[in-house]
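Residue-level listing of the chains:
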Amino acid sequence: MTDTASFPADVHLLVDGGSLGNPGRGYGSFRLTDREGHEQTVRLKFGDLVTNNQAEYRTLIAALEAALAHALEHGWAPERLSLSIVTDSQLMVKQLAGHWKVRQPHLKPLHERARALLQRFGRVEISRRPREEIAAVLGH
C-alpha cells in the first residue's frame, strides 16, 4: 500500500468521519465512484461516546465494505481491482501504511478490520487531503 494518489483506480473512495465532542456523537460520510462513473454517497451515524479517530476508521470500514459489495455485484474480482482512498486523517493514513503503530486499544480492532478489508483488493493507495477539500465534496 502506498500513501499517494498517483494511479488511475477502478474504485475511488472519499471518506471522512468525526465526532461532535471527542468523544461524542459520531458521524461519517463516504463517496464511492467506480471506473464506469457510478457514484454513491453514504452518510453514517455511530451514536455517542465515539472519538474522532474511531469515526474515521468506522467510516473507512463501511466504505471498504461497500466497495467490496459493489465489486461483487458487478462481477468484478476485488483482488484484480485498484482502489484509491482519500481521507483527511493523517493518523489513519500513517497507521494503515505501517509507518505509525496503533497504540490506542480502542482503535486496534478497527485497524485490524480495515487492514483485512484492504487486503481483499489488488492494489490500494491511500492519500491525505486537507479537510476543507473533503468537506466541500461531502458536505460536513
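Refer to the preceding data block for the structure.
Model, not experiment: these values are computed from the prediction. (Residues numbered from 1 in each chain as written. Predicted model: local features only at pLDDT ≥ 70, side-chain atom pairs only at ≥ 80, totals over all residues. Heavy atoms only, no water.)

1. Some details on the pattern of salt bridges
And step 1. Evaluation of the coordinates by the stated rule reveals five salt bridges.
And step 2. For Glu-125, the salt bridge identified is with Arg-123, shortest N-O distance 3.5 Å.
And step 3. The class for Arg-123 is partly exposed, based on a relative accessible area of 42%. (Salt bridge = Lys/Arg side-chain N within 4 Å of Asp/Glu carboxyl O. Buried < 20%, exposed > 50% of the residue type's maximum accessible area, 1.4 Å probe, protein only.)

2. Some words on the packing of aromatic side chains
And step 1. Evaluated as defined, the whole model comprises zero aromatic pairs.
And step 2. Positioned over the ring face of Trp-76 is Arg-35, at 4.2 Å from the centre of the ring. (Phe/Tyr/Trp six-rings, centres within 6.5 Å; stacked < 30°, edge-to-face > 60°. Lys NZ or Arg CZ within 6 Å of the ring centre and 35° of its normal.)

3. Examining the sheet that holds strand S4 (residues 82-87)
And step 1. The five strands are arranged S3-S2-S1-S4-S5 in an open sheet whose pairing can be described as mixed. Strands at the two margins of the open sheet, each flanked by one partner only, are strand S3 (39-50) and strand S5 (123-128). If you compare each strand with its neighbour and ignore which way they point, the axes differ by 20 degrees on average.
And step 2. Direction of pairing for strand S1 (residues 11-21) relative to S4: parallel, over a ladder of four bridges. Opposite Leu-13, over in S4, you have Ile-85 as the bridge partner. (Pairing = 2+ DSSP bridges. Helix = DSSP H or I, 4+ residues; strand = E, 2+ residues; numbered from the N terminus. Axes fitted to C-alpha atoms, helices over the stretch in contact; angles between N-to-C directions.)

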